[in-house]
Each structure stands twice: as C-alpha cells, then as structure tokens.
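Commentary on secondary and tertiary structure
What follows is each chain in one-letter form.
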Protein chains: 2
Amino acid sequence: MSILDYILGSRKKTANVAKDRLKLILAHEREEGGPDYLPALQEELLTVIAKYIPVDKNNIKVSMERKGDFEVLELNILFPDQH
Amino acid sequence: MSILDYILGSRKKTANVAKDRLKLILAHEREEGGPDYLPALQEELLTVIAKYIPVDKNNIKVSMERKGDFEVLELNILFPDQH
C-alpha cells in the first residue's frame, strides 16, 4: 500500500468538509545514541510552513510515537477558513 | 494501523544496516483551485533539515503522488556515514 493510500484510508470519516489541510510526518531512524533532532526540527519546520500558510497554533495537532531506535513525529495542520 | 507501524512495515528488508535516516512526508489536501505549496515548501524544508544533518542531494529520494485534490510528497534522506 502506498503512503497516499495509507493517509487517504486513515482520514477520519468526519473530514468530509473539503478544507485545506497539511499533514507533516517526520520519521527518524537513529543510530544508537545519535542526537534527537525532531523537537528542534519541528519548531523550525513549522516556521517555514507558516511562511506559506497562516498557521494557527490552536489548529495544529502534534503526535509523537517511538519504537526502539525509530521515532515518528506527526503534525496535522488545519488551515483557517479563507472565505 | 499507526503511521509508525506503516513506516516500519514498509521499510525495505535491505534496510538492515542501522543507518541514520530521515523520512519527511507532506500530505496536502487542497481546496478546489487552491495554490500548490509543495514544490516550494520542499526546497525550504530541506534547507532547514540541512542545518541539523549534512544533507547530500545524491542521498535524497523524492517521490510525489497525486489523487484528486490530495497530493503526497515523500523525501527519504540517508545520512552520510559519520564514522
């Protein structure tokens, strides 16, 4: 299954109202004892995204998962209504 | 299935050698006729990532998928050997 099919499939059924939304996923597979970039990277990436779209901190859902040397950061950004 | 399980499951079996790698996924659900951010966003996000890790353009695999108003950009970044 492709990443696009996975994301489309996992969209909540309530997401029927067509809204502009952006999902950013960072998956980092670290070597033993390697530095943890994700927290700092998350802030900087959001700053870049905010240059393209009005990002409201209340409309960002952040989730982090870890399994062994693998960590996944997921940012779900809902754009404010433009009309 | 969580995004972490999806990514772990879709890792190529050859990825057995523990290497630092980062996967960035941008999924954008656009309203009809909304602007296309992803190409420009991709370059800027890479510039931010390059501040944290040495990014070699030859070690980045970029893939883009589109289905209707949905597009997914996937960047797979393999870090150069640090030792």
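These remarks concern the structure in this document. (Residues numbered from 1 in each chain as written. Chains lettered and ligands numbered in written order. Predicted model: local features only at pLDDT ≥ 70, side-chain atom pairs only at ≥ 80, totals over all residues. Heavy atoms only, no water.)

**A look at the side chain of Glu71 of chain B**
Examined against the element boundaries, Glu71 of chain B turns out to sit in strand S3 (residues 70-78). A polar contact of 2.6 Å, which involves the side chain of Glu71 of chain B, links it to the side chain of Arg66 of chain B. (Helix = DSSP H or I, 4+ residues; strand = E, 2+ residues; numbered from the N terminus. Polar contact = N/O pair within 3.5 Å; in protein donor to acceptor, adjacent residues only side chain to side chain.)

**Focus: the packing of helix H2 (residues 38-49) of chain A against helix H2 (residues 38-49) of chain B**
Closest axis-to-axis distance for the H2 of chain A/H2 of chain B pair is 10 Å, and the angle between their directions is 150°. Considering the angle they form, H2 of chain A stands roughly antiparallel to H2 of chain B. In terms of crossing hand, the pair formed by H2 of chain A and H2 of chain B is right-handed. Contacts between H2 of chain A and H2 of chain B involve Leu41, Glu44, Leu45, Val48 and Ile49 of chain A from the former and Leu41, Glu44, Leu45, Val48 and Ile49 of chain B from the latter. Broken down by class, the residue content of the contact of H2 of chain A with H2 of chain B amounts to 8 nonpolar, no polar and 2 charged. (Axes fitted to C-alpha atoms, helices over the stretch in contact; angles between N-to-C directions. Parallel < 35°, antiparallel > 145°, perpendicular 65-115°, else oblique. Left-handed = near helix turned anticlockwise from the far one by under 90°. Contact = heavy atoms within 4.5 Å. Nonpolar A, V, L, I, M, F, W, Y, C, P; charged D, E, K, R; others polar.)

**A closer look at the interface of chain B and chain A**
Counting from both sides, the interface comprises 43 residues of chain B and, opposite them, 43 residues of chain A. The tally of links between chain B and chain A comes to 6 salt bridges. Where chain B meets chain A, there are 20 residue pairs in polar contact (both at pLDDT 80 or more). Those elements that place two or more of their residues in the side of chain B that touches chain A are helix H1 (3-10), strand S1 (21-29), H2, strand S2 (60-67) and S3 of chain B. Of the residues forming the side of chain B that touches chain A, the biggest block, 9 residues, is contributed by S1 of chain B. A per-class count over the side of chain B that touches chain A returns 24 nonpolar, 4 polar and 15 charged. Of the pairings in the sheet, the one linking strand S1 (residues 21-29) of chain A to S1 of chain B comprises 9 bridges and is antiparallel in character. By the bridge assignment for S1 of chain B, His28 of chain A is matched with Leu22 of chain B. (Salt bridge = Lys/Arg side-chain N within 4 Å of Asp/Glu carboxyl O. Pairing = 2+ DSSP bridges.)

**Observations concerning the relation of the copies chain B and chain A**
Of the two same-sequence chains, chain B is brought onto chain A (RMSD 0.0 Å, axial shift 0.0 Å) by a rotation of 180°. Here the copies are linked by what is in effect a two-fold axis. Proximity to the rotation axis, assessed at the C-alpha, singles out Ile25 of chain B in chain B; its C-alpha lies 2.4 Å from the axis. When you check the interface residues of chain B against chain A, 100% turn up at the interface there too, and the contact is symmetric in its surfaces. (Least-squares fit on C-alpha atoms with pLDDT ≥ 70 in both.)

**Concerning the nonpolar core**
Residues Leu22, Leu41 and Leu45 of chain A together with Leu22, Leu41 and Leu45 of chain B are the most contacted members of the largest nonpolar core, which totals 32 residues. If you list the elements that add at least two residues to this core, you get S1, H2 and strand S3 (70-78) of chain A together with S1, H2 and S3 of chain B. Filtering out sequence-adjacent residues up to four positions away, Leu22 of chain B remains in contact with Leu26, Ala27, His28, Leu38 and Leu41 of chain A together with Ile49, Ile53, Leu75, Asn76, Ile77 and Phe79 of chain B. Of all hydrophobic cores here, the second largest spans 16 residues; its members include Leu4, Ile25 and Ala27 of chain A together with Ile7 of chain B. (Core = buried A, V, L, I, M, F, W, Y, C linked by side-chain atoms within 4.5 Å. Buried < 20%, exposed > 50% of the residue type's maximum accessible area, 1.4 Å probe, protein only.)

**So, the pairing of S1 of chain A**
Residues and elements named next belong to chain A. For S1, the buried fraction is high: 8 of the 9 residues fall into the buried class. With 9 bridges joining them, S1 and S3 adopt antiparallel strand pairing. Bridge pairing in S3 places Leu24 opposite Leu75.

**Notes on the sheet that holds S3 of chain B**
Pairing is antiparallel across the open sheet formed by 6 strands, whose spatial order is S2(A)-S3(A)-S1(A)-S1(B)-S3(B)-S2(B). The open sheet has two edge strands with one neighbour each: strand S2 (60-67) of chain A together with S2 of chain B. Going from strand to strand, the sheet's axes swing by 10° on average, the running direction of each strand aside. Set on the sheet, helix H1 (residues 3-10) of chain A makes contact with S1 of chain A together with S1, S2 and S3 of chain B; between it and S3 of chain B the angle comes to about 130°.

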